[in-house]
Amino acid sequence: MAHNPGAKMPRFPDLDPIPGEPVSGYETPIMRRRAFLWSAVLALVITAGAHGQTTGPPAITEIEVVGALTVGSRQVIAWSGLEVGTPFSRETVSGGIRRLFDTQKFSDVYIYRQDVPEGVKLIINLREFPRIRTIRFEGHKKVKEKDLREAFPLHVGQFANPAVTRRELKPLRELYYEKGYYNVAIHTDSTVVDANNMEDLVISITEGKKVKVKSISFVGNENLDSGGLRGSMKQGTTGFLRSGTFKKQQFEEDRERIVTHCRNEGYLDAAVTDVEMNFREDREKLDLVIHIQEGPRYYIGDIHWQGNTVFDDLIIADMIFMEKGKVFKEDEYLETLANLQQIYADRGYIYITVEPQRDIVDQTVNVNFTFIEGQPASVNDIQVEGNDKTF
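Here is a short report on the structure shown in this document. Since this is a predicted model, take the numbers as computed values, not measurements. (Residues numbered from 1 in each chain as written. Predicted model: local features only at pLDDT ≥ 70, side-chain atom pairs only at ≥ 80, totals over all residues. Heavy atoms only, no water.)

Here the focus is the overall build of the protein. Looking only at helices and strands, the protein features 10 helices and 13 strands. When the 391 residues of the protein are sorted by exposure, 38% land in the buried category. Sequence-distant contacts in the protein: of pairs separated by 6 or more residues, those separated by 24 or more amount to 65%. Accessible area of the protein: about 22,200 Å², with a carbon and sulfur share of 50%. (Helix = DSSP H or I, 4+ residues; strand = E, 2+ residues; numbered from the N terminus. Buried < 20%, exposed > 50% of the residue type's maximum accessible area, 1.4 Å probe, protein only. Contact = heavy atoms within 4.5 Å. Areas by Shrake-Rupley, 256 points an atom, 1.4 Å probe, with all protein chains shown as cover.)

Rendered as C-alpha coordinates:
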(Lines give C-alpha, C1' and ligand atoms only; values in the text may rest on other atoms or scores of the structure.)
Protein backbone atom coordinates (compact mmCIF):
# COMPACT_ATOMS: atom_id res chain seq x y z
CA MET A 1 0.00 0.00 0.00
CA ALA A 2 1.39 3.41 -0.96
CA HIS A 3 2.42 5.64 1.93
CA ASN A 4 1.35 9.26 1.98
CA PRO A 5 3.96 11.15 4.07
CA GLY A 6 1.53 13.99 4.63
CA ALA A 7 -1.16 11.76 6.10
CA LYS A 8 -1.69 11.61 9.84
CA MET A 9 -0.42 8.62 11.75
CA PRO A 10 -3.12 6.10 12.66
CA ARG A 11 -4.37 6.34 16.21
CA PHE A 12 -5.90 3.66 18.39
CA PRO A 13 -8.54 5.44 20.52
CA ASP A 14 -9.54 2.29 22.36
CA LEU A 15 -5.99 1.60 23.50
CA ASP A 16 -3.83 3.25 26.15
CA PRO A 17 -0.89 5.38 24.91
CA ILE A 18 2.35 4.88 26.84
CA PRO A 19 4.17 8.11 27.75
CA GLY A 20 7.76 8.62 26.68
CA GLU A 21 10.28 11.36 26.03
CA PRO A 22 12.02 12.60 22.87
CA VAL A 23 15.76 12.14 22.90
CA SER A 24 17.66 15.09 24.30
CA GLY A 25 19.49 16.93 21.54
CA TYR A 26 17.04 15.96 18.80
CA GLU A 27 13.95 17.74 20.11
CA THR A 28 11.74 19.54 17.61
CA PRO A 29 8.57 21.61 18.17
CA ILE A 30 6.54 18.52 17.24
CA MET A 31 8.46 16.47 19.80
CA ARG A 32 7.90 19.14 22.46
CA ARG A 33 4.14 19.08 21.80
CA ARG A 34 4.20 15.32 21.94
CA ALA A 35 6.13 15.38 25.21
CA PHE A 36 3.45 17.68 26.66
CA LEU A 37 0.76 15.26 25.52
CA TRP A 38 2.55 12.35 27.14
CA SER A 39 2.91 14.25 30.42
CA ALA A 40 -0.79 15.16 30.31
CA VAL A 41 -1.86 11.54 30.08
CA LEU A 42 0.76 10.33 32.53
CA ALA A 43 -1.76 9.96 35.35
CA LEU A 44 -4.10 7.93 33.16
CA VAL A 45 -1.78 5.37 31.54
CA ILE A 46 -1.07 1.87 32.69
CA THR A 47 -4.23 1.75 34.76
CA ALA A 48 -6.66 0.08 32.38
CA GLY A 49 -6.93 -3.56 33.21
CA ALA A 50 -4.81 -3.19 36.33
CA HIS A 51 -7.67 -3.42 38.81
CA GLY A 52 -7.93 -6.72 40.49
CA GLN A 53 -4.34 -7.72 39.71
CA THR A 54 -2.41 -8.69 42.79
CA THR A 55 0.20 -11.02 41.32
CA GLY A 56 2.57 -8.39 39.93
CA PRO A 57 2.85 -6.65 36.57
CA PRO A 58 1.51 -8.41 33.49
CA ALA A 59 3.91 -9.79 30.91
CA ILE A 60 4.37 -8.48 27.39
CA THR A 61 2.88 -11.20 25.21
CA GLU A 62 3.15 -9.64 21.74
CA ILE A 63 4.72 -6.63 20.02
CA GLU A 64 3.27 -5.31 16.77
CA VAL A 65 4.88 -2.64 14.58
CA VAL A 66 2.77 -0.23 12.51
CA GLY A 67 4.04 2.44 10.10
CA ALA A 68 7.48 1.05 9.25
CA LEU A 69 8.10 1.29 5.51
CA THR A 70 11.74 0.41 4.88
CA VAL A 71 12.74 -1.03 8.25
CA GLY A 72 11.62 -4.51 9.22
CA SER A 73 9.46 -5.08 12.28
CA ARG A 74 12.12 -7.27 13.89
CA GLN A 75 14.68 -4.51 13.53
CA VAL A 76 12.33 -1.93 15.07
CA ILE A 77 11.66 -4.22 18.02
CA ALA A 78 15.39 -4.89 18.43
CA TRP A 79 16.14 -1.15 18.46
CA SER A 80 13.40 -0.57 21.03
CA GLY A 81 14.89 -3.10 23.43
CA LEU A 82 11.41 -4.40 24.26
CA GLU A 83 11.05 -8.16 24.57
CA VAL A 84 8.14 -10.56 24.68
CA GLY A 85 7.93 -12.32 28.04
CA THR A 86 9.34 -9.48 30.10
CA PRO A 87 7.21 -7.64 32.70
CA PHE A 88 5.28 -4.65 31.44
CA SER A 89 5.99 -1.27 33.06
CA ARG A 90 5.81 2.37 32.14
CA GLU A 91 9.55 2.78 32.56
CA THR A 92 10.33 -0.13 30.24
CA VAL A 93 8.12 1.17 27.46
CA SER A 94 9.24 4.78 27.87
CA GLY A 95 12.82 3.54 27.54
CA GLY A 96 11.84 1.80 24.32
CA ILE A 97 10.48 5.07 22.92
CA ARG A 98 13.69 6.89 23.79
CA ARG A 99 15.82 4.19 22.18
CA LEU A 100 13.80 4.39 18.96
CA PHE A 101 14.28 8.16 18.85
CA ASP A 102 17.97 7.56 19.54
CA THR A 103 18.29 5.83 16.17
CA GLN A 104 17.48 9.19 14.52
CA LYS A 105 15.40 7.34 11.95
CA PHE A 106 11.88 8.19 13.13
CA SER A 107 10.02 11.49 13.30
CA ASP A 108 7.14 10.13 15.43
CA VAL A 109 6.97 7.24 17.86
CA TYR A 110 3.95 6.14 19.92
CA ILE A 111 3.47 2.90 21.80
CA TYR A 112 -0.01 1.67 22.74
CA ARG A 113 -0.99 -1.12 25.12
CA GLN A 114 -3.79 -3.57 24.63
CA ASP A 115 -4.84 -5.84 27.46
CA VAL A 116 -5.20 -9.46 26.39
CA PRO A 117 -6.06 -12.51 28.51
CA GLU A 118 -2.42 -13.58 28.77
CA GLY A 119 -1.03 -10.11 29.60
CA VAL A 120 -0.33 -7.02 27.47
CA LYS A 121 0.11 -6.54 23.76
CA LEU A 122 2.20 -3.52 22.65
CA ILE A 123 1.66 -1.70 19.36
CA ILE A 124 4.59 0.43 18.19
CA ASN A 125 3.18 3.12 15.90
CA LEU A 126 5.86 5.18 14.17
CA ARG A 127 6.72 7.30 11.17
CA GLU A 128 10.05 7.01 9.39
CA PHE A 129 12.01 9.98 8.17
CA PRO A 130 12.26 9.94 4.37
CA ARG A 131 15.26 8.25 2.84
CA ILE A 132 17.63 10.17 0.59
CA ARG A 133 17.17 9.28 -3.09
CA THR A 134 19.60 11.85 -4.55
CA ILE A 135 21.92 14.58 -3.27
CA ARG A 136 22.37 17.70 -5.37
CA PHE A 137 24.59 20.72 -4.71
CA GLU A 138 23.67 24.15 -6.08
CA GLY A 139 25.54 27.46 -6.14
CA HIS A 140 29.09 26.11 -5.78
CA LYS A 141 31.72 27.69 -8.02
CA LYS A 142 34.84 27.88 -5.87
CA VAL A 143 34.77 24.28 -4.60
CA LYS A 144 34.54 21.23 -6.81
CA GLU A 145 31.46 19.04 -6.45
CA LYS A 146 33.74 16.01 -5.98
CA ASP A 147 35.25 17.66 -2.88
CA LEU A 148 31.80 18.57 -1.56
CA ARG A 149 30.57 15.00 -1.90
CA GLU A 150 33.66 13.63 -0.18
CA ALA A 151 33.22 16.06 2.72
CA PHE A 152 29.46 15.54 3.16
CA PRO A 153 28.87 12.60 5.54
CA LEU A 154 25.35 11.71 4.34
CA HIS A 155 24.83 9.32 1.44
CA VAL A 156 22.03 8.10 -0.78
CA GLY A 157 19.81 5.63 1.07
CA GLN A 158 20.29 7.15 4.52
CA PHE A 159 17.45 8.68 6.52
CA ALA A 160 16.90 12.40 5.96
CA ASN A 161 16.59 13.45 9.60
CA PRO A 162 16.47 17.29 9.40
CA ALA A 163 18.44 17.77 12.63
CA VAL A 164 21.16 15.35 11.50
CA THR A 165 21.27 16.89 8.03
CA ARG A 166 21.79 20.39 9.48
CA ARG A 167 24.56 19.09 11.70
CA GLU A 168 26.31 17.36 8.81
CA LEU A 169 26.54 20.63 6.89
CA LYS A 170 29.44 21.61 9.17
CA PRO A 171 32.15 19.76 7.16
CA LEU A 172 31.01 21.66 4.05
CA ARG A 173 31.41 24.98 5.86
CA GLU A 174 34.85 23.90 7.08
CA LEU A 175 35.81 23.16 3.49
CA TYR A 176 34.92 26.72 2.50
CA TYR A 177 36.56 28.21 5.59
CA GLU A 178 39.83 26.55 4.63
CA LYS A 179 39.68 28.37 1.29
CA GLY A 180 38.97 31.71 2.98
CA TYR A 181 35.20 31.86 2.38
CA TYR A 182 34.02 32.68 5.88
CA ASN A 183 30.86 34.35 4.59
CA VAL A 184 29.54 31.16 3.03
CA ALA A 185 25.88 30.29 3.72
CA ILE A 186 24.79 26.68 3.32
CA HIS A 187 21.29 25.32 3.83
CA THR A 188 19.05 22.54 2.60
CA ASP A 189 16.03 23.22 0.43
CA SER A 190 12.73 21.54 1.20
CA THR A 191 11.88 18.93 -1.38
CA VAL A 192 8.79 16.91 -2.14
CA VAL A 193 8.72 13.46 -0.62
CA ASP A 194 7.21 10.93 -3.00
CA ALA A 195 4.77 8.10 -2.27
CA ASN A 196 7.69 5.77 -1.48
CA ASN A 197 8.94 8.16 1.21
CA MET A 198 12.05 9.05 -0.84
CA GLU A 199 13.50 12.55 -0.86
CA ASP A 200 15.76 14.47 -3.24
CA LEU A 201 18.11 16.40 -0.95
CA VAL A 202 19.18 19.77 -2.36
CA ILE A 203 22.03 21.66 -0.68
CA SER A 204 22.13 25.32 -1.65
CA ILE A 205 25.38 27.25 -1.27
CA THR A 206 25.91 31.00 -1.31
CA GLU A 207 29.67 31.32 -1.30
CA GLY A 208 30.16 35.03 -0.66
CA LYS A 209 33.58 36.69 -0.85
CA LYS A 210 36.86 35.61 0.70
CA VAL A 211 37.87 37.09 4.05
CA LYS A 212 41.11 39.11 4.00
CA VAL A 213 43.29 39.69 7.05
CA LYS A 214 43.88 43.42 7.50
CA SER A 215 46.02 43.30 10.63
CA ILE A 216 47.72 40.89 13.05
CA SER A 217 48.53 42.13 16.54
CA PHE A 218 49.76 40.50 19.72
CA VAL A 219 48.86 40.93 23.38
CA GLY A 220 50.94 39.70 26.32
CA ASN A 221 54.36 39.66 24.62
CA GLU A 222 56.21 41.79 27.13
CA ASN A 223 59.68 40.80 25.89
CA LEU A 224 59.18 39.18 22.50
CA ASP A 225 59.03 41.47 19.50
CA SER A 226 55.70 41.50 17.62
CA GLY A 227 57.53 41.64 14.31
CA GLY A 228 59.39 38.43 15.07
CA LEU A 229 56.20 36.70 16.14
CA ARG A 230 54.41 37.87 13.01
CA GLY A 231 57.35 36.76 10.89
CA SER A 232 57.06 33.20 12.19
CA MET A 233 53.59 32.91 10.68
CA LYS A 234 52.59 31.92 7.14
CA GLN A 235 49.35 33.86 7.46
CA GLY A 236 49.94 37.38 6.18
CA THR A 237 47.92 40.55 5.79
CA THR A 238 46.41 41.92 2.60
CA GLY A 239 48.42 44.54 0.78
CA PHE A 240 50.41 45.24 -2.36
CA LEU A 241 50.97 41.89 -4.14
CA ARG A 242 49.70 40.09 -1.01
CA SER A 243 46.27 38.46 -0.92
CA GLY A 244 46.06 38.07 2.86
CA THR A 245 43.28 35.47 2.50
CA PHE A 246 42.50 33.95 5.86
CA LYS A 247 42.92 30.16 5.81
CA LYS A 248 41.82 28.37 8.93
CA GLN A 249 44.07 25.29 8.76
CA GLN A 250 47.12 27.40 7.95
CA PHE A 251 46.37 29.66 10.89
CA GLU A 252 46.01 26.69 13.25
CA GLU A 253 49.49 25.61 12.17
CA ASP A 254 50.67 29.20 12.70
CA ARG A 255 49.73 28.93 16.35
CA GLU A 256 52.30 26.14 16.66
CA ARG A 257 54.85 28.17 14.72
CA ILE A 258 54.39 31.07 17.14
CA VAL A 259 55.01 28.79 20.12
CA THR A 260 58.09 27.33 18.40
CA HIS A 261 59.43 30.85 17.81
CA CYS A 262 58.98 31.62 21.51
CA ARG A 263 60.78 28.43 22.54
CA ASN A 264 63.64 29.27 20.19
CA GLU A 265 63.98 32.53 22.10
CA GLY A 266 64.22 30.76 25.46
CA TYR A 267 60.56 30.95 26.51
CA LEU A 268 59.98 27.23 26.89
CA ASP A 269 56.61 27.61 28.64
CA ALA A 270 55.14 30.02 26.09
CA ALA A 271 51.60 29.43 24.83
CA VAL A 272 48.97 31.02 22.64
CA THR A 273 46.15 31.44 25.13
CA ASP A 274 43.48 33.08 22.97
CA VAL A 275 42.76 34.41 19.49
CA GLU A 276 40.29 37.20 18.75
CA MET A 277 38.83 37.16 15.23
CA ASN A 278 37.35 40.62 14.80
CA PHE A 279 35.39 40.88 11.57
CA ARG A 280 34.83 44.35 10.21
CA GLU A 281 31.38 45.57 9.29
CA ASP A 282 31.35 44.11 5.77
CA ARG A 283 32.63 40.74 7.12
CA GLU A 284 35.13 40.69 4.27
CA LYS A 285 38.00 42.03 6.37
CA LEU A 286 39.42 40.55 9.55
CA ASP A 287 41.68 41.78 12.35
CA LEU A 288 43.49 39.05 14.30
CA VAL A 289 44.50 39.65 17.92
CA ILE A 290 46.71 36.86 19.30
CA HIS A 291 47.17 36.58 23.05
CA ILE A 292 50.56 35.28 24.21
CA GLN A 293 51.70 34.02 27.58
CA GLU A 294 55.49 34.13 27.56
CA GLY A 295 56.42 32.63 30.90
CA PRO A 296 60.01 32.82 32.21
CA ARG A 297 63.09 32.83 29.98
CA TYR A 298 65.45 29.88 30.43
CA TYR A 299 69.25 29.74 30.25
CA ILE A 300 71.77 26.98 29.62
CA GLY A 301 73.35 25.39 32.69
CA ASP A 302 75.80 22.49 32.84
CA ILE A 303 76.30 20.27 29.80
CA HIS A 304 77.50 16.70 30.35
CA TRP A 305 77.76 13.52 28.29
CA GLN A 306 78.91 9.94 28.75
CA GLY A 307 79.15 6.65 26.89
CA ASN A 308 81.18 7.96 23.92
CA THR A 309 84.05 5.61 23.00
CA VAL A 310 84.14 6.06 19.23
CA PHE A 311 84.74 9.82 19.43
CA ASP A 312 86.74 11.64 22.07
CA ASP A 313 85.33 14.48 24.18
CA LEU A 314 86.87 17.22 21.99
CA ILE A 315 84.96 16.02 18.92
CA ILE A 316 81.75 15.70 20.90
CA ALA A 317 82.21 19.19 22.35
CA ASP A 318 82.72 20.59 18.85
CA MET A 319 79.28 19.25 17.85
CA ILE A 320 77.45 20.95 20.72
CA PHE A 321 76.09 24.34 19.70
CA MET A 322 75.19 25.44 23.21
CA GLU A 323 77.14 27.40 25.78
CA LYS A 324 76.61 27.67 29.49
CA GLY A 325 75.02 30.94 30.59
CA LYS A 326 73.44 31.76 27.24
CA VAL A 327 69.75 31.65 26.40
CA PHE A 328 68.45 28.07 26.00
CA LYS A 329 67.11 27.97 22.45
CA GLU A 330 65.06 24.97 21.46
CA ASP A 331 66.29 24.95 17.85
CA GLU A 332 69.97 24.96 18.92
CA TYR A 333 69.29 22.11 21.32
CA LEU A 334 67.61 20.02 18.61
CA GLU A 335 70.38 20.83 16.11
CA THR A 336 72.98 19.65 18.62
CA LEU A 337 71.15 16.37 19.08
CA ALA A 338 70.94 15.87 15.30
CA ASN A 339 74.65 16.61 14.85
CA LEU A 340 75.66 14.09 17.49
CA GLN A 341 73.62 11.38 15.79
CA GLN A 342 74.95 12.31 12.35
CA ILE A 343 78.66 12.01 13.15
CA TYR A 344 78.03 8.45 14.35
CA ALA A 345 75.95 7.63 11.27
CA ASP A 346 78.76 8.92 9.04
CA ARG A 347 81.10 6.46 10.73
CA GLY A 348 78.69 3.55 10.11
CA TYR A 349 76.97 3.52 13.49
CA ILE A 350 73.48 3.73 12.01
CA TYR A 351 71.89 2.26 15.14
CA ILE A 352 73.33 4.92 17.45
CA THR A 353 71.06 6.18 20.19
CA VAL A 354 71.69 9.53 21.85
CA GLU A 355 69.47 9.87 24.90
CA PRO A 356 69.05 13.51 25.95
CA GLN A 357 67.98 14.54 29.43
CA ARG A 358 67.03 18.03 30.56
CA ASP A 359 67.02 18.94 34.23
CA ILE A 360 65.41 22.33 34.89
CA VAL A 361 66.26 24.13 38.12
CA ASP A 362 64.55 27.49 38.47
CA GLN A 363 65.28 29.08 35.06
CA THR A 364 68.39 27.03 34.32
CA VAL A 365 68.40 23.99 32.02
CA ASN A 366 71.10 21.40 32.69
CA VAL A 367 71.63 19.03 29.75
CA ASN A 368 73.01 15.49 29.72
CA PHE A 369 73.60 13.25 26.68
CA THR A 370 74.03 9.48 27.01
CA PHE A 371 75.52 7.62 24.01
CA ILE A 372 74.46 4.05 23.31
CA GLU A 373 76.80 3.34 20.43
CA GLY A 374 76.19 -0.27 19.51
CA GLN A 375 78.15 -1.83 16.62
CA PRO A 376 78.83 -0.32 13.19
CA ALA A 377 76.83 -1.69 10.28
CA SER A 378 78.64 -3.53 7.48
CA VAL A 379 77.78 -4.16 3.84
CA ASN A 380 77.86 -7.83 2.84
CA ASP A 381 76.98 -7.64 -0.82
CA ILE A 382 76.15 -5.09 -3.50
CA GLN A 383 74.15 -6.11 -6.57
CA VAL A 384 73.60 -3.90 -9.59
CA GLU A 385 70.77 -4.72 -11.97
CA GLY A 386 69.72 -3.31 -15.32
CA ASN A 387 73.25 -2.26 -16.42
CA ASP A 388 73.03 -3.45 -20.04
CA LYS A 389 75.75 -1.08 -21.30
CA THR A 390 78.39 -1.49 -18.57
CA PHE A 391 79.95 -4.41 -16.70
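What follows picks up the thread again.
We now examine the packing of aromatic side chains. Per the counting criterion, the structure on display carries 13 aromatic pairs. With a centroid separation of 6.2 Å and an interplanar angle of 85°, the aromatic rings of F137 and F152 are classed as edge-to-face. Taken together, the residues F137 in strand 5 (residues 131-138) and F152 in the loop between helix 4 (145-151) and helix 5 (162-167) connect sequence positions 15 residues apart. For the pair shown, F137 and F152 are each scored as buried. Seen from their ring centres, F328 and Y333 are 5.5 Å apart, and the 40° between their planes marks the pair as tilted. Taken individually, F328 and Y333 each receive the classification buried, so the pair is uniform in this respect. Ring-pair connections join several aromatic residues into one group, and the members of that group are Y177, Y182, F246, F251 and F279. The ring of F279 carries the charged tip of R283 above its face, separated from the ring centre by 4.3 Å. (Phe/Tyr/Trp six-rings, centres within 6.5 Å; stacked < 30°, edge-to-face > 60°. Lys NZ or Arg CZ within 6 Å of the ring centre and 35° of its normal.)

This brings us to helix 8 (residues 248-264). Given 3.6 residues per turn, any residue in an α-helix points the same way as the ones three and four places further on. For helix 8, built from 17 residues, the straight-helix expectation of 24 Å at 1.5 Å per residue is met to within 8% by its first-to-last C-alpha distance of 25 Å. Within helix 8, the full set of buried residues consists of F251, D254, I258, V259, H261, C262 and N264. Among the structural elements, strand 8 (212-219), helix 7 (226-231), strand 9 (271-279), strand 10 (285-293) and helix 10 (330-346) are those in contact with the buried residues of helix 8. Note on helix 8: the residue one or two positions beyond its end, G266, has a positive phi of about 95°. (Expected span 1.5 Å × (residues − 1).)

We now examine the packing of helix 2 (residues 73-80) against helix 3 (residues 90-102). To characterise two packed helices, one gives the angle between the axes of the helices and the distance between these axes. For the pair helix 2 and helix 3, the least separation of the axes is 7 Å and the interaxial angle reads 115°. Judged by the angle between their axes, helix 2 and helix 3 are roughly perpendicular. Contacts between helix 2 and helix 3 pair V76, W79 and S80 from the former with G96, R99 and L100 from the latter. In terms of residue class, the contact of helix 2 with helix 3 is built from three nonpolar, two polar and one charged. (Axes fitted to C-alpha atoms, helices over the stretch in contact; angles between N-to-C directions. Parallel < 35°, antiparallel > 145°, perpendicular 65-115°, else oblique. Nonpolar A, V, L, I, M, F, W, Y, C, P; charged D, E, K, R; others polar.)

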